[in-house]
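Summary of the model geometry
One-letter residues, chain by chain:
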Amino acid sequence: MHRLGFEEENLEDLIRTLKGNETVQIKSILSHMATSDDLKHDAFAKEQIALFEKLSSRLITELNIKPIRHILNTSGITNYGDAQYDMVRLGIGLYGISNDAEEQKELQVVGTLKSVISQIRTIDAGESVGYGRRFMSESTTKIATIPIGYADGISRSWGNGVGYVVINGKQAKIVGSVCMDMLMVDVTHIDCKEGNTVIIFGENPTVNFMAKQLNTIPYEILTSISQRVKRVFFRE
């Protein structure tokens, strides 16, 4: 990764520093795979695993230690199962999300972002919605306002007809720009009322779909949800 940690040429100094050091005790040795989700870099990934094996084994021998070793992330667990060592780090897979389409079929989405309809209004043809009048109605349109916006982690790029929410099982396109605390959707053809539940993401739309539409990764979608959004945990 060339992000944190030690290079091979640092190993001699590292061992010399750690030998006989009574303050620092090595409990774990780890690396993080750079390309485990993309098999076109398979050769590079295997080289990284081999280098980790070589350097970590030398540390274990030279320092006479028994650390926990780990290198695999979610995609690594699937694609490089022989390198599981003492533990693995299942990250985004815990949320039922994978970078691999086939693996995704075996996972269950465990997180849903919900809101409610706070207000419904009807506008006439030629009227606009939101900042900059970026949505102009071509006919009589029923608009629902949802109290969630970019301050909650909903990308502004998800607005202006790019994204949608689900209300009573039907898709409602986001119209106009996503505001700081609200977004507006077209519910002209949806039977709904104020107070109805709104699905922002979950099984539909999926986080993977949103990420693809926004040219980003699922991690960014999930980690962007701000702390002011209430979390509710369920256990079976």
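Residues numbered from 1 in each chain as written. Predicted model: local features only at pLDDT ≥ 70, side-chain atom pairs only at ≥ 80, totals over all residues. Heavy atoms only, no water.

**Points about unusual backbone geometry**
- Look at the link from Asn204 to Pro205: it is a cis peptide, with omega at -5 degrees.
- By the element assignment, Pro205 lies in the loop between strand S11 (197–201) and helix H5 (207–213).
- In this structure, Asn215 takes a positive phi of about 55 degrees despite not being glycine.
- Along the chain, Asn215 turns up in the loop between H5 and helix H6 (218–223). (Helix = DSSP H or I, 4+ residues; strand = E, 2+ residues; numbered from the N terminus.)

**A few points about the pairing of strand S3 (residues 113–116)**
- Because side chains alternate across S3, one face comprises the buried residues Leu113 and Ser115, and the other comprises Lys114 and Val116, none of which is buried.
- Pairing of S3 with S11, which is carried by four bridges, proceeds in the antiparallel orientation. The residue bridging Lys114 from the neighbouring strand is Ile199, located in S11. (Buried < 20%, exposed > 50% of the residue type's maximum accessible area, 1.4 Å probe, protein only. Pairing = 2+ DSSP bridges.)

**Observations concerning the packing of helix H1 (residues 11–18) against helix H2 (residues 42–63)**
- At a minimum axis distance of 11 Å, the contact between H1 and H2 shows a crossing angle of 30 degrees. If you check the angle between H1 and H2, you find them roughly parallel. The way H1 lies across H2 gives a crossing that is right-handed. Between H1 and H2, the residues in contact are Leu11, Glu12, Leu14, Ile15 and Leu18 and Leu55, Arg58, Leu59, Glu62 and Leu63, respectively. (Axes fitted to C-alpha atoms, helices over the stretch in contact; angles between N-to-C directions. Parallel < 35°, antiparallel > 145°, perpendicular 65-115°, else oblique. Left-handed = near helix turned anticlockwise from the far one by under 90°. Contact = heavy atoms within 4.5 Å.)

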